[in-house]
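Descriptive structure summary
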Amino acid sequence: MLELEDIQALFIAPPRYPFGRYTFVSFDSADAGRAWLAQLVNQIPSARVGLDAHASGQVLTSPVYVAFTANGLRALGVDDASVSTFAEEFVAGMPARAEILGDTGPNSPEHWDGDVASDRLHAAVLLFASDADALTQRLAELEAFLAAHPGVTVLSFIDLAAADMSRP
């Protein structure tokens, strides 16, 4: 049975931050990926932390989360038998399911930036912030963190900003 401490807060209290970045990474080796993850995991708020913050009316400050692809799990050394126990859609990956997902024409995988449609996409780091200054600070921290982990390569990123719904 999974414990709340073993689940990311993202799944209990989805982020509602107006700014963020998804950074897509690749692992050059299982050792490099595992060393990176061993340090990153200490920065990821657990579901317990998220629930406690929600119950007390607090907001998590600039949280960071991580999402893996099936190829990312394999790159970390998870065997194929274990990976095959995940949902078929996860194992196949988004590029293989592009037509089903509506990613066709100019949105098809061959037009995706930074090798994210390839088997080299191993994980996404999801970083959120309440304002642009907080995001800038957290991005500098993330860049330093990534630079300290040779063997983890940034493929590309997507910046996020909520639309201003008050304008016509």
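Only a predicted model underlies this, so the values are computations on that prediction, with no experimental measurement involved.

1. Examining the overall build of the protein
Of the regular secondary structure elements, the protein holds seven helices and four strands. Along the protein, from the amino end to the carboxyl end, the secondary structure elements read β-α-α-β-α-α-α-α-β-α-β. Here the protein has a C-alpha radius of gyration of 17 Å; the compact-globule value for 168 residues is 15 Å, and the two agree. By its C-alpha atoms, the protein is 45 × 40 × 35 Å across when sized along the principal axes. Expressed as a percentage of its 168 residues, the buried residues of the protein come to 36%. Within the protein, contacts between residues separated by at least 24 positions form 79% of all contacts whose residues are at least 6 apart in sequence. Per element, the accessible surface of the protein, about 10,100 Å² overall, is 56% carbon and sulfur. Charge separation in the protein, taken as the distance between the mean sites of 9 positive and 22 negative side-chain charges, equals 3 Å.

2. Describing the side chain of Ser62
Note that Ser62 resides in the loop between helix 2 (47-55) and strand 2 (64-68). For Ser62, a relative accessible area of 7% puts it in the buried group. Once residues lying within four places of it in the same chain are set aside, the contact partners of Ser62 are Leu127, Phe128, Ala129, Ala134 and Arg138.

3. Focus on the pattern of salt bridges
Oppositely charged side chains can form a pair if their charged atoms are brought close together. Per the stated rule, a full pass over the model turns up six salt bridges. We note a salt bridge from Arg21 to Asp159, for which the minimum N-O separation is 2.6 Å. Residue Arg21 is located in strand 1 (residues 19-27), and its partner Asp159 is located in strand 4 (residues 152-161); the two are separated by 138 residues in the primary sequence. For the salt bridge of Asp31 with Arg34, the shortest nitrogen-to-oxygen distance reads 2.8 Å. A residue pair is termed a helical-turn pair when its members lie 3 or 4 positions apart in one helix, as Asp31 and Arg34 do in helix 1 (residues 30-40) at three residues.

4. Looking at the nonpolar core
Among the nonpolar cores identified, the biggest contains 33 residues, and Val25, Phe27, Trp36, Leu40 and Tyr65 are the most heavily contacted of them. Elements with a contribution of two residues or more to this core: strand 1, helix 1, strand 2, strand 3 (123-129), helix 7 (132-147) and strand 4. Broken down by element, this core gets its largest block of residues, seven residues, from strand 3. Not counting residues up to four positions away in its chain, the partners in contact with Tyr65 are Gln8, Ala9, Leu10, Ile44, Pro45, Leu60, Ala124, Val125, Leu126 and Phe128.

5. A few points about unusual backbone geometry
In this structure, Asp115 takes a positive phi of about 70° despite not being glycine. With a relative accessible area of 35%, Asp115 lands in the partly exposed category.

6. Some thoughts on the packing of aromatic side chains
Applying the stated rule across the entire model yields five aromatic pairs. Arranged with centres 6.2 Å apart and planes meeting at 85°, the rings of Tyr22 and Phe128 form a pair that is edge-to-face. One end of the pair, Tyr22, is in strand 1; the other, Phe128, is in strand 3, with 106 residues separating them in the sequence. Here Tyr22 falls in the partly exposed class, since its relative accessible area comes to 28%.

7. Quick notes on helix 1
Of all the residues in helix 1, the buried ones are Ala32, Gly33, Trp36 and Leu40. Projected down its long axis, helix 1 shows its buried positions confined to an angular sector of 95°, all on one face. Summarising the contacts, the buried residues of helix 1 are in contact with strand 1, strand 2, strand 3, helix 7 and strand 4.

Basis of the calculations
Residues numbered from 1 in each chain as written. Predicted model: local features only at pLDDT ≥ 70, side-chain atom pairs only at ≥ 80, totals over all residues. Heavy atoms only, no water. Helix = DSSP H or I, 4+ residues; strand = E, 2+ residues; numbered from the N terminus. Rg over C-alpha atoms; globule rule 2.2 N^0.38 Å. Buried < 20%, exposed > 50% of the residue type's maximum accessible area, 1.4 Å probe, protein only. Contact = heavy atoms within 4.5 Å. Areas by Shrake-Rupley, 256 points an atom, 1.4 Å probe, with all protein chains shown as cover. Lys, Arg positive; Asp, Glu negative; His and termini not counted. Charge placed at Lys NZ, Arg CZ, Asp CG, Glu CD. Salt bridge = Lys/Arg side-chain N within 4 Å of Asp/Glu carboxyl O. Core = buried A, V, L, I, M, F, W, Y, C linked by side-chain atoms within 4.5 Å. Phe/Tyr/Trp six-rings, centres within 6.5 Å; stacked < 30°, edge-to-face > 60°. Arc of directions from axis to C-beta.

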